[in-house]
Amino acid sequence: MKKFVLPIIICIVCIAGIIGISAIYSDTNQKTGQSYFNGLETSPQNASTIVIGASYIKVPEKATVVTQVDRVIKDEASDYNVNTPPGQSPTNASQLVPWMEGARVAQLMEYANVHVIPITGVPIKKINGNWYGPDDHGNFIFEVDPSKTSSLFSINGSDSNNKIEINTHGMNVMVPGAIKNHAFLVVACGDLPGKAKAEMYMAAHGINCYAPCDRFTANVMGYNGTGVILGGEPIRPLINGSGAIIGAQPVAINKTERIVVQTTNETYPDQYCDTPNRYFTQLEKVYNITLNLDVVNANINQTNLIVAEAEKTGANVIGVRVETSTDKKPVEAWLKANPNHRAILFHSAAYASGYSLFAEFPDQVTGQDPKPIFIKQTSTSELEQIFNGIRSLWS
């Protein structure tokens, strides 16, 4: 009889493992939106359609949301809330910085009554001329912009190679605090490769990440993790009023259709206009596909150049950054002109003009989704039915 015990135990362990894996997969599907496309997904090479924006994060009531201090709790550069202690958790949304990441966190407080924990007092270290933030084991591996060592953000550490970031800024200094506080979601800036690296690290620990400023979010494309990573997507109340949802605003692109994509070679403050091109070129690289990209140089207040190229070539899809009202007007008019016109927004959700387009054109506009879904040929009516199912989470 004993000779059968070990096989039985192995079988039980295997079954438990399968159940566990299935639970993880199911949960991941629930958050990314992939489950809506069962039976339609195929390899990127064989796909006829790319779906962007189907991914989502359901934020439950009173979830723990870890944030940066800068532009959420206070904004020293703009002389806002300067006397507010950097580690003070807000009790209502009116206490937050009312722009950029602060505006998005305020929505989470309004819709889901989340518990916001700002992370402060994070050590950063200079190694071989570059600054790094730590992981949860004290390894300094997430590169930090040297500007964050200035007095607006940091105080001196033990020597010239060590600082303590007080007014924290970016995913790259969120890791220890997010893990220590068992964060459900982290909201912070994603505008450096080190920030994208930190997002992948946290996602591997089951922590969701949302970066309204998403210049380097494309770097996470192809990541593995039970946590979901989203760039600048919209935040809405869940349909049943029991929380918030980020994302869940899908747009379909035929793999062969022309996409007019914004980029720039300029430095600050125009550099963020290269975010659309970063995304689509990374999409080609990671998934080994070739897209029909029409790349146009355009800086802040020059989205008219993107729209003009789309009108000239007959393209129905643009990848664009919308920061100002001047940026918004041409994109808005172009979207109104034809319901088949679609815009994928990048580095736009932090700004009122860009963010407003999500609500104004819910069927035509989405944001940066680093987990696109590749599907085979399907009817327009079937695809629209699936999209309506995803949108019904918030509509």
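Residues numbered from 1 in each chain as written. Predicted model: local features only at pLDDT ≥ 70, side-chain atom pairs only at ≥ 80, totals over all residues. Heavy atoms only, no water.

Trainee: Explanation requested: the overall build of the protein chain in the structure shown.
Mentor: Looking only at helices and strands, the protein chain has nine helices and 21 strands in total. Seen through its C-alpha atoms, the protein chain measures out along the principal axes to roughly 80 × 60 × 45 Å. Buried residues in the protein chain amount to 56% of all 395 residues. By sequence separation, contacts in the protein chain at least 24 residues apart represent 68% of the contacts at least 6 residues apart. Accessible area of the protein chain: about 16300 Å², with a carbon and sulfur share of 53%. Once the 30 positive and 35 negative side-chain charges of the protein chain are each reduced to a mean point, those two points are 6 Å apart. (Helix = DSSP H or I, 4+ residues; strand = E, 2+ residues; numbered from the N terminus. Buried < 20%, exposed > 50% of the residue type's maximum accessible area, 1.4 Å probe, protein only. Contact = heavy atoms within 4.5 Å. Areas by Shrake-Rupley, 256 points an atom, 1.4 Å probe, with all protein chains shown as cover. Lys, Arg positive; Asp, Glu negative; His and termini not counted. Charge placed at Lys NZ, Arg CZ, Asp CG, Glu CD.)

Trainee: In this structure, what is going on with the nonpolar core? I would like to understand it.
Mentor: Most often, soluble globular proteins keep nonpolar side chains buried together rather than apart. Membership of the largest hydrophobic core comes to 71 residues, with the highest contact counts inside it found for Val59, Leu108, Val186 and Met202. Apart from the residues within four sequence positions on either side, Val59 is in contact with Leu108, Ala112, Val114, Phe184, Leu185, Gly243, Ala244 and Ile246. Membership of the second largest hydrophobic core comes to 19 residues, among which are Ile50, Ile259, Val261 and Tyr287. (Core = buried A, V, L, I, M, F, W, Y, C linked by side-chain atoms within 4.5 Å.)

Trainee: Explain the side chain of Arg215 here, please?
Mentor: With respect to the secondary-structure elements, Arg215 resides in the loop between strand S11 (208-210) and strand S12 (229-230). A polar side-chain atom of Arg215 sits 2.8 Å from a polar atom in the side chain of Asp274. For Arg215, the contacting residues outside a window of four places in its chain are Gly190, Asp191, Gln271, Tyr272, Asp274, Thr275, Arg278 and His347. (Polar contact = N/O pair within 3.5 Å; in protein donor to acceptor, adjacent residues only side chain to side chain.)

Trainee: Looking at this structure, how should I read the packing of helix H7 (residues 325-337) against helix H8 (residues 352-360)?
Mentor: Helix-helix packing is described using two parameters, namely the angle between the two axes and the distance between the axes. Interaxial distance between H7 and H8 falls to 9 Å at its minimum, and their mutual angle equals 30°. Here H8 runs roughly parallel to H7, going by the angle between their axes. Of the residues in H8, those in contact with Ser325, Lys328, Val331 and Glu332 of H7 are Ser353, Ser356, Leu357 and Glu360. (Axes fitted to C-alpha atoms, helices over the stretch in contact; angles between N-to-C directions. Parallel < 35°, antiparallel > 145°, perpendicular 65-115°, else oblique.)

Trainee: Quick question: what am I supposed to make of unusual backbone geometry here?
Mentor: Most of the time, phi is negative for any residue but glycine, and the peptide bond is trans. Across the junction of Tyr268 and Pro269, the peptide omega takes the value 5°, indicating a cis bond. By secondary structure assignment, the location of Pro269 is in the loop between strand S16 (258-263) and helix H5 (275-287). One non-glycine residue, Asn81, lies in positive phi territory at about 55°. Relative to the helices and strands, Asn81 resides in the loop between strand S3 (64-67) and helix H2 (100-112). In this structure Asn81 comes out as partly exposed when scored by relative accessible area, which is 23%. One non-glycine residue, Asn301, lies in positive phi territory at about 70°.

Trainee: Sorry, what's going on with the packing of aromatic side chains here?
Mentor: Aromatic ring pairs are defined here through the distance separating the ring centres and the angle between the ring planes. A complete count under the given rule lists nine aromatic pairs for this structure. Ring geometry for Phe37 and Phe387: centres 6.5 Å apart, planes at 75°, overall edge-to-face. Linking Phe37 in the loop between helix H1 (5-32) and strand S1 (49-52) with Phe387 in helix H9 (residues 380-391), this pair joins segments that are 350 residues apart in sequence. Across the pair, exposure class does not vary: Phe37 and Phe387 are buried alike. Judged by centre distance (4.8 Å) and plane angle (55°), the ring pair of Tyr287 and Phe374 falls under tilted. One end of the pair, Tyr287, is in helix H5; the other, Phe374, is in strand S21 (residues 373-375), with 87 residues separating them in the sequence. Taken as a pair, Tyr287 and Phe374 share a single burial class, namely buried. Through pairs of rings, three or more aromatic residues link up here, namely Tyr279, Phe280 and Phe346. Across the ring face of Tyr355, the terminal group of Arg104 is positioned such that the distance to the ring centre comes to 3.6 Å. (Phe/Tyr/Trp six-rings, centres within 6.5 Å; stacked < 30°, edge-to-face > 60°. Lys NZ or Arg CZ within 6 Å of the ring centre and 35° of its normal.)

Trainee: Would you explain the sheet that holds S16 in this entry?
Mentor: Two orientations exist for strands paired in a sheet by backbone hydrogen bonds: parallel and antiparallel. Overall, parallel pairing links the five strands, which are arranged S17-S16-S18-S19-S20 in an open sheet. Each edge of the open sheet is held by one strand with a lone partner, namely strand S17 (292-297) and strand S20 (365-366). For strand S19 (residues 342-345) and S20, the ladder comprises two bridges, and the chain directions are parallel. Paired with Ile344 across the strands is Thr366, a residue of S20. Lying on the sheet, H5 is in contact with S16, S17, strand S18 (317-320) and S19; it crosses S16 at an angle near 130°. (Pairing = 2+ DSSP bridges.)

Trainee: I keep staring at the confidence of the model for the protein chain and nothing clicks. Help me out?
Mentor: Residues shown with low pLDDT carry predicted positions that ought not to be read at fine detail. Looking at the protein chain, pLDDT values average 92 and 92% of them are 70 or higher. Every residue in residues 1-30 scores below 50 in pLDDT, and together they form seven contacts with partners more than four places removed in sequence or on other chains. (pLDDT = per-residue confidence, 0-100.)

Trainee: Got a minute to help me understand the sheet that holds strand S14 (residues 243-247) in this structure?
Mentor: Across the sheet, three strands lie side by side as S2-S14-S13; this open sheet has antiparallel pairing. At either margin of the open sheet sits one strand with a lone partner, and together these are strand S2 (56-60) and strand S13 (235-237). The average undirected angle you get between the axes of adjacent strands in this sheet is 25°. Inspection of the sheet shows S2 paired to S14 by five bridges, in the antiparallel sense. Looking at S14, one finds that Tyr56 is bridged to Gly247.

Trainee: In this structure, what is going on with the pattern of salt bridges? I would like to understand it.
Mentor: Opposite charge on two side chains lets them pair, provided their charged atoms get close. Considering all chains together, one arrives at twelve salt bridges under this definition. A salt bridge links Glu332 to Lys336; the nearest nitrogen and oxygen atoms lie 4.0 Å apart. One end of the pair, Glu332, and the other, Lys336, are both in helix H7, four residues apart, so they sit about a helical turn from each other. One connected set of salt bridges, linked through shared partners, spans Arg215, Asp274 and Arg278. (Salt bridge = Lys/Arg side-chain N within 4 Å of Asp/Glu carboxyl O.)

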